[in-house]
Amino acid sequence: APRILASNTKLFTTAAALDLLGSDSHFETLVLGRGRRDEGVWRGDLAVVGGGDPNISGRLFDGDGYAVFRSWAAELRAQGIERVDGDLLLVNGLFDDPHLVHPDWPRDQLARWYEAPVDALSFSDNCVMVRVAPGKAPGSAGRVQLVPDLKLYRLVSNVVTTSSRKRQKVVVSREPESHEIRVSGAIWSGSGPFEAWVTVPEPVHYFGAALRAAFEEEGITIAGSSRVSPKLPEDDWHQLALHRTDLETTLGVINHRSQNFYAESLLKVLGARQAGA
């Protein structure tokens, strides 16, 4: 009898990756600098070159979403760099336009984690967590926050605290291409935090903002602006840091958790490698 393959399709993607890339393959994200180090300051720009790694999140690091960025900050500090006086260049041209959406994806579900956009530079599955907790008493407003709160999105909430467990219902939404996240409904006064993941509209800017926030927490300031580029400008670049994730780890997430975002990232990396990118 005919059946819809659904997420079993991921087995074709992962098998193709093992066959064409090899089990010892890995994703690589580079941090490069052009300029020079001068008494604790990097006089020039930083560039992060995306390799399509879907693992830059807290999933593999006990929930610490900034773990990879912290490791980069530690590498910079080890080289005597505490401040960058130039710009942050985000190079994400390995993939096609990240705004392209598969025609079969339901347009009313684009804010759901399972329809997350894909980019060569991605952070936290290209989703932000919305955490909702009850207020101090029934009738009061619920407490709502974004994790991480990078000031990229406008949060609009009319969640109220209810004394009835049966009346609890929280709805989180975001319109396509919108930077406004809406939270509505009611949360029971005896409830623990309710958490939902919402996709972000521009993954590369989310990546850059998270990197900056993590660097600041680690004592490294980037003075310049963030700029997105499909290609690394020709110049004398020096490697300052590196992050690698092996293919085996990625396959475990795809096939065990059936994570769409991971599968599409791997498929696009496979296409880029076969095209010689």
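Residues numbered from 1 in each chain as written. Predicted model: local features only at pLDDT ≥ 70, side-chain atom pairs only at ≥ 80, totals over all residues. Heavy atoms only, no water.

**Section: the sheet that holds strand β5 (residues 127–133)**
Reasoning step 1: Pairing in this open sheet of three strands is antiparallel, and the strands run β6-β5-β11 from one edge to the other. Two strands in the sheet have a free side with no partner beyond their single neighbour: β6 (143–147) and β11 (194–199). Neighbouring strand axes in the sheet, compared pairwise and without regard to direction, differ in orientation by 25° on average.
Reasoning step 2: As judged from the five bridges shared by β5 and β6, these two strands associate in the antiparallel manner. Looking at β6, one finds that R131 is bridged to Q145. (Pairing = 2+ DSSP bridges. Helix = DSSP H or I, 4+ residues; strand = E, 2+ residues; numbered from the N terminus. Axes fitted to C-alpha atoms, helices over the stretch in contact; angles between N-to-C directions.)

**A short note on the pattern of salt bridges**
Reasoning step 1: Counted according to the given criterion, the structure contains 18 salt bridges.
Reasoning step 2: A salt bridge links E218 to R70; its shortest N-O distance comes to 2.8 Å. With E218 in the loop between α3 (203–217) and β12 (221–222) and R70 in helix α2 (residues 67–78), this pair connects stretches of sequence that are 148 residues apart.
Reasoning step 3: Judged by relative accessible area, which is 23%, R70 ranks as partly exposed. (Salt bridge = Lys/Arg side-chain N within 4 Å of Asp/Glu carboxyl O. Buried < 20%, exposed > 50% of the residue type's maximum accessible area, 1.4 Å probe, protein only.)

**Re helix α5 (residues 260–274)**
Reasoning step 1: The terminal C-alpha atoms of α5 lie 21 Å apart, and with 15 residues this matches the ideal 21 Å at 1.5 Å per residue to within 8%.
Reasoning step 2: Buried residues along α5 sit against α1 (10–21), β1 (26–38) and α4 (247–257). (Expected span 1.5 Å × (residues − 1). Contact = heavy atoms within 4.5 Å.)

**Observations regarding the environment of L11**
Reasoning step 1: Within the element layout of this structure, L11 appears in helix α1.
Reasoning step 2: Residue class for L11 comes out partly exposed when judged on its relative accessible area of 48%.
Reasoning step 3: When the C-alpha atoms of L11 and A263 are compared, they prove to be 9.4 Å apart, with 252 residues separating the residues in sequence.

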